[in-house]
Amino acid sequence: MAGGNERNVKALKEVWKRAENSLCADCGKPDPDWASSTLGVFICLSCSGIHRNIPSISKVKSLKMDHWDDAQVQFLAKHGNAVTKAIYEAHIPIYYYQPTYNDCQVLREQWIRAKYERKEFTEPGKQLPYSDGVKEGILWKRGRDNGQFLPRKFLLSEREGCLKYFTKQDAKEPKINIKIDVINATFQPEKIGNPNGLQITYLKENKTRNIFVYHESGKEAVDWFNAIRSVQFHYLKVAFPIASDNEIKNRLTRNFLKEGYMEKTGPKQREAFKKRWFTLDHRRLMYFKDPLDAFAKGEVFVGSGENGYSVQKGLPSGTQGNFSWHYGITIVTPDREYLFTCETETDQLDWIKAFTSVINQAMTPQEYASKCLDAVSFPS
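Please read all numbers here as calculations on a predicted model, not as lab measurements. Numbering of residues starts from 1 in every chain and runs along the sequence as written. Only residues with pLDDT of at least 70 are given local features in this predicted model, and only at 80 or more are side-chain atom pairs given and counted; all residues enter the totals for whole chains, interfaces and linings. Water and hydrogen atoms were dropped before computing side-chain values, which therefore reflect all heavy atoms in the structure.

Enquirer: Run through the overall build of the chain, naming residues and quoting values.
Expert: A helix here means a DSSP run of H or I that spans at least four residues, while a strand means a run of E at least two residues long, and both kinds are numbered starting from the N terminus. Looking only at helices and strands, the chain features ten helices and 17 strands. Taken over the C-alpha atoms alone, the chain extends approximately 75 × 55 × 45 Å along its principal axes. For the chain, with 380 residues in total, the buried portion stands at 49%. Should any heavy atoms of two residues lie within 4.5 Å, those residues are counted as being in contact. Residue pairs at least 24 apart in sequence account for 54% of intrachain contacts in the chain once pairs closer than 6 positions are excluded. Remark: exposure states derive from per-residue accessible area (1.4 Å probe, protein chains only) relative to the maximum for the residue type, with buried under 20%, exposed over 50%, and partly exposed in between.

Structure follows, in structure tokens:
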């Protein structure tokens with residue numbers, strides 16, 4: 001903390017070490033070492049970069065390297081994360097997605113701008129762009145067959161309980177009409193190749209269908225995301241009237257547990273292993289020839305340990321299929337074993353950790369009902 005006098009340095013350290021300031025005020029990352037001298041919050045390096053882009057609202061300084069004068073230290077002491085959050089996060093809708101440090105840039109940036117720049121959560125009952133129960137607009141959608149992104153009209157309706165998209169602006173009938181209770185949405189900037197890329201996933205005839213979209217505006221993309229969560233929340237409140245708000249919140253959009261490339265073999269376990277893109281969406285393990293495929297080529301239900309499911313490091317002895325990657329994984333189900341290989345040991349251990357987290361969880365009644373997905377297993 002160059003340039004600060006000893007008293008200021010000591011006072012700053014005292015404020016900094018308060019329990020309330022031990023996590024970044026915006027993303028929850030431990031041990032933040034930056035702060036906003038105008039908002040009075042302690043933040044991490046990554047969030048400080050976002051704050052720096054809104055200088056009319058927030059002035060950021062390093063707690064370790066910058067000089068803090070008496071007035072600035074006193075301001076931090078009077079505020080801090082708890083006081084500031086009580087102001088700027090006073091009325092967050094239950095369905096609004098609050099990102100963590102693991103989330104992508106657009107989610108974190110729009111969360112910070114929503115709080116401090118637009119002050120969306122400071123007043124009760126404030127009309128928000130994602131809380132109307134209806135949203136209509138243009139999103140750039142990737143073509144299922146040609147891979148081109150083209151502008152398409154989307155309509156989200158709480159009253160109808162669905163999300164629709166139209167191939168033409170003046171089309172009267174939608175190309176697809178998706179029931180709101182089967183939709184998942186997750187940001188996928190790297191996969192889609194756009195910082196505001198959003199993957200919308202839904203079940204069609206018990207198979208997973210992916211739609212990849214983006215919007216040039218990060219705010220608009222995040223507004224669509226939270227509008228979907230808002231409509232889902234109100235739909236589920238009606239469908240499950242005795243469920244608590246938190247129980248319903250946990251059933252809204254979710255991030256995938258794990259994605260990446262592995263090699264797989266067929267059910268006879270004598271076929272050559274083929275490189276495929278895998279997505280683990282809770283108990284649904286899907287694979288795709290390409291990460292941006294509209295449909296999974298196969299999927300399997302991953303149940304709990306008490307129901308005969310397990311994950312093992314390595315492949316069974318005598319495995320005959322040829323494979324180029326040598327870090328094996330075996331998923332054991334009541335019906336068969338599924339064999340995979342990973343390129344690195346790190347990949348192998350990460351996948352095993354993800355599978356283990358699912359297998360260690362007891363199955364819900366709804367998951368028992370969906371166990372029939374085991375029949376939709378991996379073809380060769």
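Enquirer: For the packing of helix α1 (residues 6-16) against helix α3 (residues 70-78), give the residues involved together with the corresponding values.
Expert: Viewed as axis vectors pointing N to C, α1 and α3 meet at an angle of 15°, and their least axial separation amounts to 9 Å. Of the possible angle classes, the one that applies to α1 and α3 is roughly parallel. The interaxial crossing formed by α1 with α3 has left-handed handedness. Every residue of α3 that contacts α1 at Arg7, Asn8, Ala11, Leu12 and Val15 is listed here: Asp70, Val73, Leu76 and Ala77. Axis lines are fitted to C-alpha atoms, over the contacting stretch for helices. Their N-to-C directions set the angle, which ranges from 0 to 180 degrees. Here the angle decides the label: under 35 degrees means roughly parallel, over 145 means roughly antiparallel, 65 to 115 means roughly perpendicular, and every other value means oblique. Left-handed describes a crossing in which the near helix is turned anticlockwise from the far one by less than a right angle; the clockwise case is right-handed.

Enquirer: Summarise the UniProt feature "domain: Arf-GAP" (unreviewed entry) in the chain; cite the residues concerned and give the values.
Expert: UniProt positions are given in the numbering used here, feature names are shortened, and annotations may be inferred rather than shown by experiment. Mapped onto the present numbering, the UniProt feature "domain: Arf-GAP" (unreviewed entry) falls at residues 6-129. When the span residues 6-129 is considered, its composition is 40% helix and 6% strand, and the gap between its end C-alpha atoms is 48 Å.

Enquirer: If you had to explain the pattern of salt bridges to someone new, which residues and values would you point to?
Expert: It is possible for side chains of opposite charge to pair when their charged atoms get near one another. Here, a salt bridge means any Lys or Arg side-chain nitrogen found within 4 Å of an Asp or Glu carboxyl oxygen. One pass over the full model with this rule turns up 19 salt bridges. For Asp26, the salt bridge identified is with Lys115, shortest N-O distance 2.7 Å. Residue Asp26 is found in the loop between α1 and β1 (34-36), and its partner Lys115 is found in helix α5 (residues 105-117); the two are separated by 89 residues along the sequence. The same class applies to Asp26 and to Lys115, which are both buried.

Enquirer: Any chance you could break down unusual backbone geometry for me, citing the residues and the numbers?
Expert: Positive phi outside glycine occurs at Asp31, with the angle close to 60°. Of note, Asp31 is situated in the loop between α1 and β1. The phi angle at Lys119 is positive, at roughly 50°, despite the residue not being glycine. Here Lys119 shows up in the loop between α5 and β4 (134-142). Of the residues examined, Lys119 reaches a relative accessible area of 40% and is grouped as partly exposed.

Enquirer: Residue-level account of the domain arrangement of the chain, with values.
Expert: Where a domain begins and ends is set by an automatic assignment or by a domain database. One can read the domain layout of the chain as domain 1 (1-117), domain 2 (134-250) and domain 3 (258-376). In this structure, domain 1 and domain 3 have C-alpha centres spaced 41 Å apart.

Enquirer: With reference to specific residues and values, describe the environment of Gly125.
Expert: Along the polypeptide, Gly125 turns up in the loop between α5 and β4. Using a relative accessible area of 76% as the deciding quantity, one classes Gly125 as exposed. Each C-alpha atom, one on Gly125 and one on Pro93, is 9.4 Å from the other, the two residues being 32 residues apart in sequence.

Enquirer: Which residues make up the sheet that holds strand β13 (residues 284-288), and what values do they have?
Expert: In this description, strands pair whenever DSSP reports at least two bridges between them. The strand order across the open sheet formed by seven strands is β14-β13-β12-β11-β17-β16-β15, and the pairing between neighbours is antiparallel. The strands lining the two open edges of the sheet, one partner per strand, are β14 (298-301) and β15 (310-313). Within the sheet, the average angular offset between the axes of one strand and its neighbour, ignoring direction, is 35°. In terms of strand pairing, strand β12 (residues 274-281) meets β13 through five bridges, oriented antiparallel. Of the residues in β13, the one forming a bridge with Phe278 is Tyr287.

Enquirer: Provide a residue-level description of the pairing of β4, including the pertinent values.
Expert: The pairing of β4 with strand β5 (residues 149-157) spans nine bridges and is antiparallel. Looking at β5, one finds that Gly137 is bridged to Phe154. The turn linking β4 back onto β5 is made up of six residues, and Gly147 within it adopts a positive phi angle of 75°. Summarising the sheet, β4 and strand β10 (residues 207-214) pair through two bridges and their orientation is antiparallel. Residue pairing for β10: Lys141 is matched across the bridge by Val213.

Enquirer: Summarise the sheet that holds strand β3 (residues 60-62); cite the residues concerned and give the values.
Expert: Taken in spatial order, the three strands make up an open sheet running β2-β1-β3, and their pairing is antiparallel. Each edge of the open sheet is held by one strand with a lone partner, namely β2 (42-43) and β3. Pairing geometry for β1 and β2, over two bridges, is antiparallel. Within β2, the residue paired with Trp34 across the bridge is Ile43.

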